[in-house]
Amino acid sequence: MTMRSFPDRVRHAVSFELIGLAIVTPLAAWIYDKPLFDMGVVGVGAATLATVWNFVFNLGFDHAMRRWVGDVRKSLRHRLLHTALFELGLLVMLLPPMAWYLGMTLWQTLLLDLFIVAFYLVYNFVFNIAYDRIFPLPAAPQGRGREQGRGQPA
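## Things to note about the side chain of His12
Then comes step 1: Inspection of the secondary structure puts His12 in helix α1 (residues 6–32).
Then comes step 2: For His12, the side chain forms a polar contact with the side chain of Asn128, separated by 2.6 Å.

## Observations concerning the confidence of the model for the protein chain
Then comes step 1: Per-residue confidence for the protein chain averages 84 on the pLDDT scale, and 90% of its residues sit at or above 70.
Then comes step 2: Per-element confidence in the protein chain is highest for helix α3 (residues 76–102), whose mean pLDDT is 91, and lowest for helix α5 (residues 146–149), whose mean pLDDT is 45.
Then comes step 3: This model gives residues 145–154 a pLDDT under 50, and the stretch forms 14 contacts once residues within four places in sequence are excluded.

## Observations regarding a nonpolar patch on the surface
Then comes step 1: The grouping of Ile19, Ile23, Leu27, Trp30 and Ile31 at the surface amounts to a nonpolar patch, some 490 Å² of accessible area in total.
Then comes step 2: Along the chain, the position of Ile23 falls in helix α1.

## A closer look at empty space enclosed by the protein
Then comes step 1: This model, assessed by the stated rule, comprises two cavities of 30 Å³ or more.
Then comes step 2: In this model, the largest cavity occupies a volume close to 270 Å³.
Then comes step 3: Taken together, 22 residues line the largest cavity, and the ones lying closest to its centre are Ala46, Leu90, Leu94, Ile116 and Tyr120.
Then comes step 4: Of all the elements in the fold, those that place two or more residues in the lining of the largest cavity are α1, α2 (36–68), α3 and α4 (106–134).
Then comes step 5: A class-by-class count of the residues in the lining of the largest cavity yields 17 nonpolar, two polar and three charged.
Then comes step 6: Taken as a whole, the second largest cavity encloses approximately 30 Å³ of empty space.
Then comes step 7: Every residue along the wall of the second largest cavity is listed here: Tyr32, Met39, Met98, Leu102, Met104, Thr109, Leu112, Asp113 and Ile116.
Then comes step 8: Counting only elements with at least two residues in the lining of the second largest cavity, the list comes to α3 and α4.
Then comes step 9: Tallying contributions element by element places α4 first for the lining of the second largest cavity, with four residues.

## A few points about α1
Then comes step 1: Between its terminal C-alpha atoms α1 stretches 37 Å, which fits the 39 Å expected from 27 residues at 1.5 Å a residue.
Then comes step 2: The largest bend along α1 measures about 30° and falls at Leu21.
Then comes step 3: Just beyond α1, the residue with positive phi is Asp33, at close to 55°.

## Brief notes about the packing of aromatic side chains
Then comes step 1: Here the structure, examined in full by the defined rule, presents 17 aromatic pairs.
Then comes step 2: Measuring from ring centre to ring centre gives 4.8 Å for Phe16 and Tyr123, while their planes differ by 35°; the resulting arrangement is tilted. Of the two residues, Phe16 is situated in helix α1 and Tyr123 in helix α4; the sequence distance between them amounts to 107 residues.
Then comes step 3: Phe16 sits in the buried class, given a relative accessible area of 1%.
Then comes step 4: Judged by centre distance (5.7 Å) and plane angle (35°), the rings of Phe57 and Phe61 are tilted. One end of the pair, Phe57, and the other, Phe61, are both in helix α2, four residues apart, so they sit about a helical turn from each other.
Then comes step 5: Here Phe57 falls in the buried class, since its relative accessible area comes to 11%.
Then comes step 6: Members of the aromatic cluster, each reached through a chain of ring pairs, are Phe16, Trp53, Phe57, Phe61, Phe86, Phe119, Tyr120, Tyr123, Phe127, Tyr131 and Phe135.

Here is what the cut-offs are and how they apply
- Residues numbered from 1 in each chain as written.
- Predicted model: local features only at pLDDT ≥ 70, side-chain atom pairs only at ≥ 80, totals over all residues.
- Heavy atoms only, no water.
- Helix = DSSP H or I, 4+ residues; strand = E, 2+ residues; numbered from the N terminus.
- Polar contact = N/O pair within 3.5 Å; in protein donor to acceptor, adjacent residues only side chain to side chain.
- pLDDT = per-residue confidence, 0-100.
- Contact = heavy atoms within 4.5 Å.
- Patch = residues over 30% accessible without salt bridge, like charges linked within 9 Å, V, L, I, M, F, W, Y side chains within 5 Å.
- Areas by Shrake-Rupley, 256 points an atom, 1.4 Å probe, with all protein chains shown as cover.
- Salt bridge = Lys/Arg side-chain N within 4 Å of Asp/Glu carboxyl O.
- 1 Å grid on protein atoms, 1.4 Å probe; cavity = no way out; pocket = protein on both sides within 12 Å on 5 of 7 lines; lining within 4 Å.
- Points joined across faces, edges and corners; volume = space filled by probe spheres on them.
- Nonpolar A, V, L, I, M, F, W, Y, C, P; charged D, E, K, R; others polar.
- Expected span 1.5 Å × (residues − 1).
- Bend = angle between axes of the 7 residues up to and from the residue.
- Phe/Tyr/Trp six-rings, centres within 6.5 Å; stacked < 30°, edge-to-face > 60°.
- Buried < 20%, exposed > 50% of the residue type's maximum accessible area, 1.4 Å probe, protein only.

Take a look at the structure:
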């Protein structure tokens, strides 16, 4: 099964974060009544970590899909699992530094972060469906059945 190329994965990760950051930073500053600069610092730091996580997580998820399912194309169920696991991992990595920078407890930061988590859950789901439609996976080479390609490196 054909997998996404390295440049395609970079385009995916960077575009995901830039678009998300442009939407969520001003909204979060307004909703949380925090200075735009502070939310911008948190947003850029979070986006940097999330970009790396996005790349690593998606690569790992696709390898797991190919190994366990035999294909990297995701059903609705796979998309929901993909989105939930991605956001949970990111939340665990982001809460401590956000709480420290904003001078809040982890619990307060978690409560304030619910808006951002909810936004990114929906955004991740919609973005990835749109990305797959705008930049579809390359067609598999002719003459290779699904089973023949199973377990072969991309």
